[in-house]
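Breakdown of the fold
Chain by chain, the residues run as shown.
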Amino acid sequence: MTRSLTILGATGSIGRSTADVVLAHRDEFRVEAVVGGRNALALAEVARRLGARFAALADEGGAATLQQALSGTGIESGAGQSAVLEAVEREADIILAAISGTAGLVPTYAALKPGRRIALANKESLVCAGDAFMTDARRLNVEIMPVDSEHNALEHALAAGLNRDVEKAVITASGGPFRTWSRQRISSASAKEASAHPVWSMGSKINIDSATLMNKGLELIEAHHLFGLGAERLDVLVHPEAIVHGLVQWTDGAVTAGLALPDMKVPIANALRGDRRLRMELPRLDLAAIGRLSFERPDDDRFPCLALAKAALRAGGAIPTVLNAANEIAVEAYMAGSIGFYDIPETVERVCSTFSGRQISTPATVAEALAIDREARQTACRLIPAPVEA
Ligand code: NDP
Ligand code: MG
């Protein structure tokens, strides 16, 4: 049976990989709508390639360009937040949520409709408003399938036993471009150097998060919400080959792991289909050719963001929301050249400590989470020298 699919963030790195999976399985999926941010021409192109019925651009200023690029195709289009929301309201069995950053929260949350599947890449939605999001997903009987490779691996590894028998669930990190660099050398690294990821090809924000290891910290919080595991049962291992993505250690000492070559099309295909494996014409994992897999503990001294995220997960309340917001502002400032690499954790830590004395409870609704997010962004902007808009 063909399933209808809407892709949020269709022009991004995950969006493009999703288009490849869909085009390889035209009999499985029909694309209802595609959503992009600012790039009208790229959105029009992906809409045409996929034969989508509707294309929505978040940036209202791109409306005319989008409409013109789609003229004669029969594909409807719209621009602005209302068009984005129209896209998620349209009938679709599956929503692939891959807008980058907290900007993805409102459309992803609006996509929660009874009986749907959400293939979730946008981890920031869960870090910002995980309790509210997951509560409503359960209430509405929405199946959340993780696209993030580590969580996709854990989803399957965890199915090998009962949640209560999990001693530890471990996600791996490739270690990013600075894994072997000294702290001193990292301190003067440019955003360009931080974006040169050794394994994965990804969008700009997640690239910087991978260099600071904040990405792994956000993923710990994501895993907490997806699988209902507390901080004491979640851990990170650095694994430069990026073959083992997630491991579950059981109470009897056995370990179940999820392995694959590092290609996001693998977890995307799995999250889209859900109930069975699609045939993917991709290179196969050849462990004998790889020969050796290595693992290290993460270094909190050179990569303090991971420890900050672990502390935020343990603290709970509003702190994960604050951490995520402060990190987004700091990463933007670092990419703009306004601050140095270690000013990212410095800013995050200072903003978190401003909020930690206030004992704000866990946001129970998305509106509450967004209010905390806004305030944390403003606090972060005040700490950053150059003008960065909240
Ligand atoms: P990219 O930056 O490559 O793509 C982001 C997408 O979101 C683009 O289509 C962009 O449109 C769109 N977008 C940005 N802002 C808005 C907005 N306000 N409204 C609507 N659309 C918007 O990011 P990635 O694909 O790398 O990452 C997407 C998400 O997936 C992130 O949350 C990331 O953490 C997660 N993820 C990514 C992985 C990867 O390998 N890349 C792995 C695991 C998770 P435009 O191009 O027009 O700006
Ligand atoms: Mg990941």
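Just so we're clear, the structure is a prediction, and the values are computed from it rather than from any experiment. In every chain, residue numbers begin from 1 and rise along the written sequence. The lettering of chains begins at A and the numbering of ligands begins at 1, in the order of writing. Given that this is a predicted model, residues contribute local features only at a pLDDT of at least 70 and side-chain atom pairs are listed and counted only at 80 or more, while totals for whole chains, interfaces and linings are drawn from all residues.

**Brief notes about the confidence of the model for the protein**
- On a range of 0 to 100, pLDDT expresses the predictor's confidence in each residue. On average, the protein scores 96 in pLDDT, and the residues at 70 or more come to 99%.
- For this predicted complex, the interface confidence comes out at an ipTM of 0.99, alongside a pTM of 0.97.

**Overview of the pairing of strand β2 (residues 29-36)**
- Most of β2 is tucked away: seven of the eight residues are buried.
- Bridge analysis of strand β1 (residues 3-8) against β2 gives six bridges, and the strand direction is parallel. By the bridge assignment, Leu-5 is partnered in β2 with Val-31.
- In this region the chain leaves β1, passes through helix α1 (residues 13-24) and returns to the parallel neighbour β2; the handedness of that crossover is right-handed.
- By this definition, two strands are paired if DSSP reports at least two bridges between them. In this description a helix means any DSSP run of H or I spanning at least four residues, a strand means any run of E spanning at least two, and both kinds are numbered starting from the N terminus. Of the pairings in the sheet, the one linking β2 to strand β3 (residues 54-57) comprises four bridges and is parallel in character. Looking across to β3, one finds that Val-35 is bridged to Ala-56.
- In this fold, β2 hands off to helix α2 (residues 40-50), which returns the chain to β3; that crossover is right-handed. Exposure classes come from backbone-placed C-beta atoms, where a residue is buried if 20 or more other C-beta atoms lie within 10 Å of its own, exposed if 12 or fewer do, and partly exposed in between. Handedness of a crossover is defined as follows: orient the strands so they point away from the viewer, and if the path from the first strand over the helix to the second runs clockwise, the crossover is right-handed.

**Concerning the sheet that holds strand β5 (residues 94-97)**
- Sheet architecture is open: seven strands sit in the order β4-β3-β2-β1-β5-β6-β7, paired in parallel fashion. The sheet is open, and its two edges are formed by β4 (76-79) and β7 (143-146), each paired on a single side. When strand polarity is set aside, the average angle formed by the axes of neighbouring strands in this sheet is 20°. Axes here mean lines fitted to C-alpha atoms, for a helix over just the part in contact, with angles spanning 0 to 180 degrees between N-to-C directions.

**Focus on the nonpolar core**
- The nonpolar core is taken to be a set of buried Ala, Val, Leu, Ile, Met, Phe, Trp, Tyr and Cys residues joined by way of C-beta atoms within 7 Å. With 122 residues, the main nonpolar core has Val-34, Ala-55, Ala-97, Ala-309, Val-322 and Ala-326 as its most contacted residues.
- Considering each element in turn, this core owes the most residues, ten residues, to helix α15 (residues 319-335).
- Note on contacts: residues are paired as contacts if their backbone-placed C-beta atoms lie within 7 Å. If near-sequence neighbours (up to four positions away) are discounted, Val-322 is found in contact with Val-351, Cys-352, Phe-355, Ile-372 and Ala-376.

**Some points on helix α6 (residues 123-139)**
- Over its 17 residues, α6 extends only 20 Å from the first C-alpha to the last, a length that falls short of the 24 Å expected when each residue adds 1.5 Å.
- The largest bend along α6 reaches roughly 105° and is located at Ala-129.
- Of all the positions in α6, only Lys-123, Glu-124, Ser-125, Leu-126, Val-127, Cys-128, Ala-129, Gly-130, Ala-132 and Phe-133 are classed as buried.
- Against α5 (105-110), α11 (214-227), α15 and α17 (366-383) lie the buried residues of α6. In this analysis, the expected span of each helix is defined as 1.5 Å times one less than the number of residues it contains. What is called the bend at a residue is the angle between a pair of axes, fitted to the seven residues leading up to and ending at it and to the seven starting from it.

**With respect to the UniProt feature "binding site: NADPH" (unreviewed entry) in the protein**
- UniProt positions are given in the numbering used here, feature names are shortened, and annotations may be inferred rather than shown by experiment. On the UniProt side, "binding site: NADPH" (unreviewed entry) is annotated at positions that read Thr-11, Gly-12, Ser-13, Ile-14, Gly-37, Arg-38, Asn-39, Asn-122, Glu-124 and Gly-203 here.
- Note on placement: Thr-11 falls in the loop between β1 and α1.
- Apart from the residues lying within four places of it in its own chain, the contact partners of Thr-11 are Gly-36, Asn-39, Ala-42, Leu-43 and Val-46.
- Taking the number of C-beta atoms within 10 Å as the measure of exposure, Ile-14 has 28 and is therefore buried.

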